[in-house]
Amino acid sequence: MMIFTFVKIISIVVMLSAIALELWNLYAFKMHTIIPSSLNVFLWLGIVAILAHFMEAVIAFVYAPSKNQKPLQYGIYTFFVGTVALVELFAENKS
């Protein structure tokens, strides 16, 4: 379970970083400036991570009521934590 805690912390940091980088990119676009091209790879990886976590959050939102969880709260939690939250959601009734 210690690895889950570590993955959760790293995932939250990475998601917040991806969101911040994307907001910086949108701000630069609005101000007609450009961000360093060396960050393009991180922008694409961030977009992929955001989309993947969004899909996981939708899954958690749909299945949370059947597991006695609040859908919106668990969806947001899953968006930032990722697959670990889904594992917790579906393993909850097995104990």
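These notes cover the structure that comes with them. Quantities reported herein were computed from a predicted structural model and do not represent experimental measurements. All residue numbers refer to position in the chain's written sequence, counted from 1. The model is predicted, so local features are restricted to residues of pLDDT at least 70 and side-chain atom pairs to those at 80 or more, both for listing and for counting; the totals for chains, interfaces and linings are taken over all residues. Each side-chain value is worked out from all heavy atoms of the structure, with water and hydrogens disregarded.

### So, unusual backbone geometry
- Residue H32 is not a glycine yet carries a positive backbone phi of 60 degrees.
- Segments assigned H or I by DSSP are reported as helices when at least four residues long, segments assigned E as strands when at least two residues long, and all are numbered from the N terminus. Position of H32 relative to the elements: it lies in the loop between α1 (2–30) and α2 (40–63).
- Look at N68: it is not a glycine, yet its phi comes out positive at around 60 degrees.
- Its place among the elements puts N68 in the loop between α2 and α3 (71–81).

### Topic: the packing of aromatic side chains
- In summary, the pairing rule links any two rings of Phe, Tyr or Trp, Trp by its six-membered ring, whose centres are within 6.5 Å, and it sorts them by plane angle into stacked for under 30 degrees, edge-to-face for over 60 and tilted for everything else. In the structure shown here, the tally under the stated rule is three aromatic pairs.
- Taking the centre distance of 5.4 Å and the plane angle of 70 degrees together, the rings of Y63 and F90 count as edge-to-face. Taken together, the residues Y63 in helix α2 and F90 in helix α4 (residues 83–91) connect sequence positions 27 residues apart.
- Relative accessible area decides the class of each residue, using a 1.4 Å probe on protein chains only: under 20% of the type maximum gives buried, over 50% gives exposed, and in between gives partly exposed. The class for F90 is partly exposed, based on a relative accessible area of 33%.
- When the centroid spacing of 5.4 Å and the interplanar angle of 65 degrees are considered together, the rings of Y74 and Y77 count as edge-to-face. Of this pair, Y74 and Y77 are both found in helix α3, three residues apart, which corresponds to roughly one turn of the helix.
- What makes Y77 partly exposed here is its relative accessible area of 28%.

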